[in-house]
Structure formats: C-alpha cells, structure tokens
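Here is what each chain is made of, one letter per residue.
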Amino acid sequence: TEYPFLAAPDRLIAIPAGKWRKLDEGVADGRLFPADLLARAYRKAAEGASRANALHYRDPRGSPRLRQEIASMLRRQRGLMVGAENICITRGSQMGVFLTARILIRPGDAVLVERLTYEPAVAAFRACGAKIVTVGLDEDGVDVADVERACRKHRVRAIFVTPHHQFPTTVSMRPERRLRLLELARQFAFAIIEDDYDHEFHFGAQPLLPMASYAPARVIYAGSMSKLLVPALRIGYIAAAPKVVDALAYQISLIDGMGNTVTEEAAAELLESGEVRRHVRKTAQIYARRRDAFARNLDSEMDRLIDYRLPDGGLAFWLQFKDMAALDRLEARAPEIGLSFASSHSYAAEEGTERGLRIGFASLTEEEAKEVLQALRSCAEP
Ligand SMILES: Cc1ncc(COP(=O)(O)O)c(C=O)c1O
C-alpha cells in the first residue's frame, strides 16, 4: 500500500449510522431546540462582530465575551471561583480533554481511569503517549484506595473522572471520595481532569458542586454546551489555572489558530439573554418524563434480560445484562435491523471488565423509546 506505516485505528470512536436508528449515550433532543432561536443568535452575532470589526484573527483562548459568560455561569450556578482568565474555549469538551492530555503528558506518564469509562478520553490520553492505568469503581464512585496504590506504583500525571454522573454507569461520586481524591492529588502531585459533561440534568435533589469548586488549583474542569444545546455547535471549554489556559491556547495556535468567532458570539448571546437557562429548564421537565417512561418500558420489555438503576440525573441509562450471551446476541443482530449504538466493549478500559450498554433516553420520544426497547429485546432473545 502507499502508506505502509499508517496504522488503521482499531475501533472507530464515533458510533456508526444505523439504517433505521442510531442510539446515543445521552444527548439532548436536537428537535426540541428551536432553530429560529439559533438563527437569531447567529444573525445578531454576525452583525455585532462585523460592526465591531471583530471578524479577524483573534485570541486563541476564545471570544472574550463568551469566556466572560461561561465564567459567570460557572460562578453563579456551579460554585467555581473563576474569571475569564480561567477559561479556554474549545471545539467541544473532547478537544479540551485532548489538549489537556497534550500539555500534561510526557512519555511514560500514567493516567488513571476507572475500569469503566469514556473511551474517547482514554483514546486521547493514549494518543498523547500516556500509559493507561485502571482503577476500581463502585456505586459510590472511584475506588480511592486503588488510586493510592496506583500512585505508589506509577508516575501518575492525571486522573480522568466524571464525578457528577459517572460515565457510563451514571453513579455520582460521594463527597468523602471526592475529598480523598483531592488529598491524593495534592500528595502525589497529579491533576484531576473533571469532565462535567451533563451538569444541568438532575431530576431529584440538587447535585453536588463540581470538584473544581473546592480545589481550583488541582482540577482541570472540562465543560460542554453539547448537552445544553446541541452537539453540532461544537462549543466546549476548559476552566483551569491561567497557566493551564495559556498552555492550551498555545496548542490551539498550532491546530486551528482560534475558534469560530460567529459561533462563539452566538453562544455568548444565548447565554447572556437567558435563552440557554430557559431552554434547559423547559427540556429538563420533558427529559424527566422521558426518563420515567423509559424505565417503565425497560420494566415491561427487558425485565428478564437486564438490571438497571434509575439515574437521578443525566440523559442515559446503564443497562447490565444478566446473561452475557443475550448481550452478545443483541450486539450481533442489531446491525441486521439497522440499529446502531456504542459497543459494550467500548466502556471497558481493560480486558475482562464487565460489559453493559449505555443508552440515551432523552433524544427519543416515549413511542420511539418503546419501539427501540422492543427491538433490543427481540435481538437479545434466543
Ligand atoms: C463523558 C463525555 N465527555 C465528553 C463528551 C463530549 O462532549 P463534546 O461534544 O463537548 O465534545 C461526551 C459526549 O457524549 C461525554 O459523554
């Protein structure tokens, strides 16, 4: 071949399209986001930026107005003590995680991840030369004793966690685990990469504040507007110490120089006008109903096949199969009916880890969810 040195990726990270339906791992329903709201915000952003002669090359850290708006949202709603100088805008939080890996990792450094975790983040760490070391996980979050053991054995540079709703299992990390993890981070001088990908969606009690709110110096906080609005905007951000922000900005200079000014100004417009808050408040009620209906459908369609716990927030269920043969049948047959979803193998950071499916419920109407669950059941049955 022409490029014999070019290794093909072993597994595609993006979920392939399904001829009938593609299930996600917890995404907002894009159909609920009014297109005219977005169009108006873009129009205003384009006109404003043009009038201000701001359509030139600019600061790689992102639109000053959007950085202010995000800092103010994080201060008011999530307890982070941050200003615009702590914010770097990225094209999605995935880019933020990748750039964080780029600046932190030297060859041979270890990055800790839970044994079930978010594959694109692991892949980004690996791509930057990290040695991935897995640690345990239970219904209270990461196994902190395991973290300590790993720190005594490896040169640990960072841990990747999703404390609000663990990806993929949806459990939240208990406060005492969070405090112990912060102590260990101080003792062994590693960074905590906190991916807070779906902070807004909780259906019961108020959620815990992010870890970054009590240890801004130790935590590199990755956030996203993908779940708030739609993934297609590609607006994510890192909140961290200014030194980290500047190092990320340098990487952005190497990649694409800067983000899309009009999109960033439009996002700032939506935040400033309160439209984001309104949209989230409205859709959260819809998602709460969809979550309950999804659970009822799971009980009626898949009770014999799976165990699950009702997620108290987030936009997805974690389905644990009672019999792995049923899961294998399901995964083998789903493509035949044009149904695609993330592979149960994608969550395991090491061989031999238990497998399950993470299915987003928010982007499906109740009728769609019922159809999907019936289809999943029929694929799983012998
Ligand atoms: C755990 C987690 N982190 C990050 C992301 C990526 O978000 P973004 O669209 O901001 O890159 C997702 C999206 O599904 C996610 O589930």
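Quick caveat, the model's predicted, so the values are computed rather than measured.

**As for the overall build of the protein chain**
1) Next: When you go through the protein chain residue by residue, the secondary structure sums to 11 helices and 14 strands.
2) Next: Overall size of the protein chain, expressed as C-alpha extent along the three principal axes, is 65 × 55 × 55 Å.
3) Next: By the burial criterion, 56% of the 382 residues in the protein chain qualify as buried.
4) Next: The contacts of the protein chain with a sequence gap of at least 6 include a subset with a gap of at least 24, amounting to 74%.
5) Next: Total accessible area computed for the protein chain in this model is approximately 17,200 Å², and 52% of it derives from carbon and sulfur atoms.
6) Next: Seen as two clouds, the 53 positive and the 51 negative side-chain charges of the protein chain have centres 4 Å apart.

**Some points on the pattern of salt bridges**
A side chain of one charge can pair with a side chain of the opposite charge when the charged atoms of the two come close.
1) Next: As enumerated under the stated definition, the model contains 35 salt bridges in all.
2) Next: Of the charged contacts in the structure, one is a salt bridge between Arg31 and Glu368, with a shortest N-O distance of 2.9 Å. Within this pair, whereas Arg31 is found in the loop between strand E1 (21-22) and helix H1 (35-51), its partner Glu368 is found in helix H11 (residues 366-380), the two being separated by 337 residues in sequence.
3) Next: Residue class for Glu368 comes out buried when judged on its relative accessible area of 13%.
4) Next: With its nearest N and O atoms 2.7 Å apart, the salt bridge here joins Glu264 to Arg58. Remark: Arg58 occurs in the loop between H1 and helix H2 (64-78) and Glu264 occurs in helix H8 (residues 261-272); sequence separation between them is 206 residues.

**Concerning the side chain of Glu194**
1) Next: Structurally, Glu194 is set in strand E8 (residues 191-195).
2) Next: One buried charged side chain, Glu194, makes no salt bridge at all; its nearest oppositely charged neighbour is Arg178, positioned 4.8 Å away.
3) Next: Here the side chain of Glu194 touches Ala212 through a polar contact of 2.9 Å, landing on its backbone nitrogen.
4) Next: The residues contacting Glu194, other than those within four sequence positions of it, are Val161, Pro163, Pro210, Met211, Ala212, Val219, Ile220, Tyr221 and Ala222.

**Quick look at the sheet that holds strand E7 (residues 156-161)**
1) Next: Reading across from one edge, E2-E10-E9-E8-E7-E3-E4 is the order of the seven strands in this open sheet, with mixed pairing throughout. The strands lining the two open edges of the sheet, one partner per strand, are strand E2 (87-90) and strand E4 (131-135). Strand after strand, the sheet turns through a mean of 20 degrees between neighbouring axes, direction not considered.
2) Next: In this sheet, strand E10 (residues 236-239) lies alongside strand E9 (residues 219-224) in antiparallel orientation, the contact comprising four bridges.

**Describing the environment of Leu12**
1) Next: In this structure, Leu12 sits in the segment before E1.
2) Next: Classification of Leu12 as exposed rests on a relative accessible area of 64%.
3) Next: In the structure, Leu12 is positioned 16 residues away from Ala28 in sequence and 22 Å away in space, judged by C-alpha atoms.

**Quick word on the domain arrangement of the protein chain**
1) Next: For the protein chain, the assigned domains read domain 1 (21-34 + 277-380) and domain 2 (37-273).
2) Next: Using C-alpha coordinates to define each centre, domain 1 is positioned 25 Å away from domain 2.
3) Next: Taken residue by residue, the interface counts 33 residues in domain 1 and 32 residues in domain 2.
4) Next: Taken together, the two surfaces of domain 1 and domain 2 that pack against each other cover about 2,800 Å², and 63% of this comes from carbon and sulfur.
5) Next: Looking at the side of domain 1 facing domain 2, the largest losses of area belong to Phe33, Ala349 and Arg358, adding up to 21% of the total buried there.
6) Next: Applying the counting rule to domain 1 against domain 2 returns one salt bridge.
7) Next: The salt bridge involving Glu354 is made with Arg115; its shortest N-O contact spans 2.8 Å.
8) Next: Inspection of the domain 1/domain 2 interface yields 12 residue pairs in polar contact (both at pLDDT 80 or more).

**Observations concerning the layout of surface pockets**
1) Next: Quantified by volume, the largest pocket comes out at close to 1,000 Å³.
2) Next: As for the largest pocket, its lining consists of 39 residues, of which Ile13, Ala14, Ile15, Glu25 and Tyr118 are closest to the centre.
3) Next: Going through the elements one at a time, helix H3 (93-104), helix H4 (119-127) and strand E13 (339-340) are the ones with two or more residues in the lining of the largest pocket.
4) Next: Here the lining of the largest pocket is composed, by residue class, of 18 nonpolar, 11 polar and 10 charged.
5) Next: Counting only domains with at least three residues in the lining of the largest pocket, you end up with domain 1 (21-34 + 277-380) and domain 2 (37-273).

**Observations regarding the state of the cysteines**
1) Next: Counted by the stated rule, this structure contains zero disulfides.
2) Next: As a non-bridged cysteine, Cys88 has Cys128 as the owner of its nearest cysteine sulfur, 15 Å distant.

**A look at the sheet that holds strand E12 (residues 316-321)**
1) Next: Strand order in the open sheet formed by three strands is E11-E12-E14, and the pairing between neighbours is antiparallel. For this open sheet the edge positions go to strand E11 (306-307) and strand E14 (356-360), each flanked by a neighbour on one side alone.
2) Next: Where E12 and E14 come together, five bridges link them in antiparallel fashion. Each residue of the ladder has a partner; that of Leu319, found in E14, is Leu357.
3) Next: In this fold helix H9 (residues 275-302) packs onto E11, E12 and E14, with an angle of close to 20 degrees to the strand it touches most, E12.
4) Next: The sheet strands contacting helix H10 (residues 324-333) are E12 and E14, and the helix crosses E14 at an angle near 50 degrees.

Thresholds applied
Residues numbered from 1 in each chain as written. Predicted model: local features only at pLDDT ≥ 70, side-chain atom pairs only at ≥ 80, totals over all residues. Heavy atoms only, no water. Helix = DSSP H or I, 4+ residues; strand = E, 2+ residues; numbered from the N terminus. Buried < 20%, exposed > 50% of the residue type's maximum accessible area, 1.4 Å probe, protein only. Contact = heavy atoms within 4.5 Å. Areas by Shrake-Rupley, 256 points an atom, 1.4 Å probe, with all protein chains shown as cover. Lys, Arg positive; Asp, Glu negative; His and termini not counted. Charge placed at Lys NZ, Arg CZ, Asp CG, Glu CD. Salt bridge = Lys/Arg side-chain N within 4 Å of Asp/Glu carboxyl O. Polar contact = N/O pair within 3.5 Å; in protein donor to acceptor, adjacent residues only side chain to side chain. Pairing = 2+ DSSP bridges. Axes fitted to C-alpha atoms, helices over the stretch in contact; angles between N-to-C directions. Domains from an automatic or database assignment. Buried area = accessible area lost by both parts, 1.4 Å probe. 1 Å grid on protein atoms, 1.4 Å probe; cavity = no way out; pocket = protein on both sides within 12 Å on 5 of 7 lines; lining within 4 Å. Points joined across faces, edges and corners; volume = space filled by probe spheres on them. Nonpolar A, V, L, I, M, F, W, Y, C, P; charged D, E, K, R; others polar. Disulfide = S-S within 2.5 Å.

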